[in-house]
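Report on the structure
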Amino acid sequence: MSYDEQDAAIDEMYEQIGRELYPDHKAQAISEFTAERLRSFYIANPRVMRPAVDALQEGKRLNEAKHYAAAVVFFVTAIELLLKATVLKPVVHGLIHNEGLANIVVQHALGQTGFDRYENLLAQLFSELAGMELKSIVRVGAKKKLLSECADLQKLRNQIIHQGATSGSEEAKLGLEISVAVYELIVAPMLFKLGLTVIEEGEIQPREF
């Protein structure tokens, strides 16, 4: 997808917010964002991951019905919701203490089709909480980094939606595997480090020690 004036304006908005909140160094944002604050958000919003779970389940149903292109669309939607709604949204609410402003930023963030713009923030958060390098994660048997696979799948999704491209069973199977890997290798380890677990329908709860 092309980068237009609206994208540039949104990027500038994020940069301005960052400069105003943390004029000295952006890394300060992460250091001030405690794990306890993030954990509190999930406890207060236990169903924040439900849309991602619903999208993943719909993708599975479409795949079983051999509607492979549609399945890819929903698998990519699940990936984006896992990374943005499940991880980015709590971070934004934690960094921006004004509820109204936080909601505006989240709305713009979730309205964007890509997640690469927030990759560095996600990577640093994941490193702080899970002690792992997000950008180095690779699925078992895969040759590319997981985030690179996500980006490739996202391009296919965009071609399906905007250019009428098609996909077969292999692409749909790959979409399922990647979306599940995003949960298992990124989201779940972070929640575990926060002392949380996921039960039925993606509901997040404190885990028993």
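Throughout this document, residue positions are counted from 1 along each chain, in the order its sequence is written. It should be noted that, the model being predicted, local features are given only for residues of pLDDT at least 70 and side-chain atom pairs only at 80 or more, the latter also being counted only at that level, while totals for whole chains, interfaces and linings use all residues. The side-chain quantities take in all heavy atoms of the structure and omit both hydrogens and water.

What follows covers the overall build of the chain. Going along the chain from the N terminus, every DSSP run of H or I of four or more residues is numbered as a helix, and every run of E of two or more is numbered as a strand. Within the chain, the secondary structure is distributed over nine helices and two strands. Starting at the N terminus and walking to the C terminus, you meet the elements of the chain as α-α-α-α-α-α-α-α-α-β-β. Only protein chains enter the accessibility calculation, which uses a 1.4 Å probe. A residue is then buried if its area is under 20% of the maximum for its type, exposed if over 50%, and partly exposed in between. By residue count, 43% of the 209 residues in the chain fall in the buried class. When contacts within the chain are restricted to residue pairs at least 6 apart in sequence, those whose partners lie at least 24 apart make up 68%. Computed with the Shrake-Rupley method and a 1.4 Å probe, the accessible areas treat only the protein chains shown as cover for residues. Here the chain has roughly 11300 Å² of accessible surface; of this, 52% comes from carbon and sulfur atoms. Contact criterion: two residues are considered in contact whenever any of their non-hydrogen atoms come within 4.5 Å of each other.

Following the sequence through the fold, S167 ends up in the loop between α8 (146–163) and α9 (169–193). Judged by its relative accessible area of 13%, S167 is buried. Ignoring sequence-local partners within four residues, the contact set of S167 consists of Y68, A69, V72, L156 and I160.

Turning our attention to α8. Here a helix's expected span is defined as the number of its residues, less one, multiplied by 1.5 Å. Its 18 residues place the ends of α8 25 Å apart at the C-alpha level, agreeing with the 26 Å of an ideal helix rising 1.5 Å per residue. Listing the buried residues of α8 in full gives L146, L147, E149, C150, L153, Q154, L156, R157, N158 and I160. G164 lies just past α8 and shows a positive phi near 70°.

Now for the side chain of E149. Mapping E149 onto the fold places it in helix α8. Judged by its relative accessible area of 10%, E149 falls in the buried class. In this structure, E149 is in contact with R139, A142, K144, L174 and I178, ignoring residues within four places of it in sequence.

Turning to the pattern of salt bridges, a few remarks are in order. Counted as salt bridges are all cases of a side-chain nitrogen of Lys or Arg within 4 Å of a carboxyl oxygen of Asp or Glu. Summed over the entire model, instances satisfying the criterion amount to eight salt bridges. A salt bridge links E80 to R157; its shortest N-O distance comes to 2.8 Å. A residue pair is termed long-range when its members are at least 10 positions apart, and E80 in helix α5 (residues 68–95) and R157 in helix α8 qualify at 77 residues. A residue is classified by how much of its surface remains accessible, and E80, at 9% relative accessible area, is buried. The partner of E149 in a salt bridge is R139, with the nearest N and O atoms 2.8 Å apart. You can see E149 sitting in helix α8 and its partner R139 sitting in the loop between α7 (119–130) and α8, a full 10 residues away along the chain. Overall, the relative accessible area of 13% leaves R139 in the buried class. Salt bridges sharing common partners tie together R139, E149, K173 and E177.

The next point concerns unusual backbone geometry. Positive phi is not limited to glycine here, since K66 has a value of about 70°. Classification of K66 by relative accessible area gives exposed; the value is 61%. One non-glycine residue, E201, lies in positive phi territory at about 60°. Residue E201 is classed as partly exposed on the basis of its relative accessible area, which comes to 48%.

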